[in-house]
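Each chain, written out:
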Amino acid sequence: MVQEVKRTTLTMKEVADYLGISYWLINQLAKRKQIPCSKVGGKYLFRVKVLDEYLTQKEKASVQ
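Calculation rules
- Residues numbered from 1 in each chain as written.
- Predicted model: local features only at pLDDT ≥ 70, side-chain atom pairs only at ≥ 80, totals over all residues.
- Heavy atoms only, no water.
- Buried < 20%, exposed > 50% of the residue type's maximum accessible area, 1.4 Å probe, protein only.
- Helix = DSSP H or I, 4+ residues; strand = E, 2+ residues; numbered from the N terminus.
- Pairing = 2+ DSSP bridges.
- Contact = heavy atoms within 4.5 Å.
- Axes fitted to C-alpha atoms, helices over the stretch in contact; angles between N-to-C directions.
- Core = buried A, V, L, I, M, F, W, Y, C linked by side-chain atoms within 4.5 Å.
- Parallel < 35°, antiparallel > 145°, perpendicular 65-115°, else oblique.
- Left-handed = near helix turned anticlockwise from the far one by under 90°.
- Nonpolar A, V, L, I, M, F, W, Y, C, P; charged D, E, K, R; others polar.

On to the pairing of strand β3 (residues 43–47). Judged by which residues are buried, β3 turns out to be one-sided: Tyr 44 and Phe 46 face inward and are buried, whereas Lys 43, Leu 45 and Arg 47, on the alternate face, are not. Strand direction decides the pairing type here: strand β1 (residues 9–10) and β3, joined by 2 bridges, are antiparallel. Following the sheet pairing, Leu 10 is matched in β3 by Phe 46. Taken together, the 3 bridges between strand β2 (residues 38–40) and β3 define a ladder with antiparallel strand orientation. Bridging from a neighbouring strand, Lys 39 pairs with Tyr 44 of β3. Counted between consecutive antiparallel strands, the loop separating β2 from β3 contains 2 residues, among which Gly 41 sits at a positive phi close to 60°.

The next subject is the sheet that holds β3. A sheet is described by the order of its strands in space; here 3 strands give the open sequence β1-β3-β2, paired in antiparallel fashion. With one partner strand each, in any of the chains shown, β1 and β2 form the two edges of the open sheet. Each of β1 and β3 touches helix α3 (residues 48–62); the most contacted strand, β3, lies at about 70° to it.

Right, let's get into unusual backbone geometry. For Lys 33, which is not glycine, the phi torsion reads 60° and is therefore positive. Along the chain, Lys 33 turns up in the loop between α2 (23–31) and β2. Classification of Lys 33 as exposed rests on a relative accessible area of 75%.

Moving on to the nonpolar core. With 12 residues, the main nonpolar core is built from Leu 10, Met 12, Val 15, Ala 16, Ile 26, Leu 29, Ala 30, Ile 35, Tyr 44, Phe 46, Leu 51 and Tyr 54. Put simply, the parts of the chain that give this core at least two residues each are α1 (12–19), α2, β3 and α3. Sequence-distant contacts of Ala 16, defined by excluding residues within four places in its chain, comprise Ile 21, Ser 22, Tyr 23 and Ile 26.

Time to look at the packing of α1 against α3. The contact between α1 and α3 brings their axes to 12 Å, and the two run at 40°. Accordingly, the angle class assigned to the pair α1 and α3 is oblique. As α1 runs across α3, the sense of the crossing is right-handed. Residues Val 15, Tyr 18 and Leu 19 of α1 pack against Val 48, Leu 51, Asp 52 and Leu 55 of α3. Among the residues forming the contact of α1 with α3, the class breakdown is 6 nonpolar, no polar and 1 charged.

Quick look at the structure:
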């Protein structure tokens with residue numbers, strides 16, 4: 001029996017959809033190292049858990 005692999009990363013397009021912002025903005029944030037990601041084989045990958053933590057930090061900073 002082959003075990004199904006559950007993805008834990010998102011592509012830039014998926015992150016744009018997940019966060020509700022444009023692909024262009026995700027691209028700029030990644031290139032400027034302003035959003036946590038990993039570059040693998042010329043492709044940026046984002047972990048959902050890390051994105052959620054990033055959003056939590058941004059939310060806390062917005063009310064301080």
